[in-house]
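# An overview of the molecular structure
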Amino acid sequence: MDKIAGIFSSFSINFKDPDFKDFYVVGSDSFKTMSFLTTQRKEMIKNFPDEGFKLEVRNNILSFGIPDILTVENAEMISKFLNEI
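As a starting point, this report considers the structure included with it. Computed from a predicted model, the values in this text were never measured in an experiment.

## Re the side chain of Asn 74
Here Asn 74 is to be found in helix H4 (residues 72–84). Taking the relative accessible area as the measure of exposure, Asn 74 reaches 14% and is therefore buried. When sequence neighbours within four positions are dropped, the list of residues in contact with Asn 74 reads Ile 66, Asp 68 and Ile 69.

## Overview of H4
An ideal rise of 1.5 Å per residue puts 18 Å on 13 residues; H4 measures up with 18 Å between its terminal C-alpha atoms. Listed as buried for H4 are Asn 74, Ile 78 and Phe 81. Seen end-on, H4 carries its buried residues on one side only, within an arc spanning 65°. Exposed residues lying more than 90 degrees from the buried face of H4 are Val 72, Glu 73, Glu 76, Lys 80 and Asn 83. For H4, the secondary structure elements touched by its buried residues are helix H3 (39–46), strand S3 (54–58) and strand S4 (61–65).

## Some words on the packing of aromatic side chains
In this structure the tally under the stated criterion is 3 aromatic pairs. Seen from their ring centres, Phe 48 and Phe 53 are 4.9 Å apart, and the 65° between their planes marks the pair as edge-to-face. By relative accessible area, which is 16% here, Phe 53 ends up buried. Three or more aromatic residues joined by ring pairs make a cluster, and in this case those are Phe 48, Phe 53 and Phe 81.

## Comments concerning H3
Buried within H3 are the following residues: Lys 42, Met 44 and Ile 45. Down the axis of H3, the sector holding all buried residues measures 160°, keeping them to one side. For H3, the exposed residues lying more than 90 degrees away from the buried face are Thr 39 and Gln 40. Looking at the buried side of H3, the elements it contacts are S3 and H4.

## Some points on the pairing of S3
Pairing of S3 with S4 involves 5 bridges; the strand directions are antiparallel. Within S4, the residue paired with Leu 55 across the bridge is Phe 64. Linking S3 to S4, which pair antiparallel, is a turn of 2 residues; within it Asn 59 sits at a positive phi near 55°.

Rules and cut-offs
Residues numbered from 1 in each chain as written. Predicted model: local features only at pLDDT ≥ 70, side-chain atom pairs only at ≥ 80, totals over all residues. Heavy atoms only, no water. Helix = DSSP H or I, 4+ residues; strand = E, 2+ residues; numbered from the N terminus. Buried < 20%, exposed > 50% of the residue type's maximum accessible area, 1.4 Å probe, protein only. Contact = heavy atoms within 4.5 Å. Expected span 1.5 Å × (residues − 1). Arc of directions from axis to C-beta. Phe/Tyr/Trp six-rings, centres within 6.5 Å; stacked < 30°, edge-to-face > 60°. Pairing = 2+ DSSP bridges.

Structure (structure tokens):
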């Protein structure tokens, strides 16, 4: 039951890194979340030019979205970001 409940529950993760305090991070396993967010990945996220993006990782699936209309420039920017991350 606990494992099943853990799939559907998540909690905010607070980072001790003062340069990463502007991001809202939710996870059900803080160890996996922290190990995914390496220093290099945090830098890429901080440097992404659109503030309203959403990055979600569930098991092996990574979802990424921006609230803007998808243009060629946005698609290229997202493609480069996803390739690097």
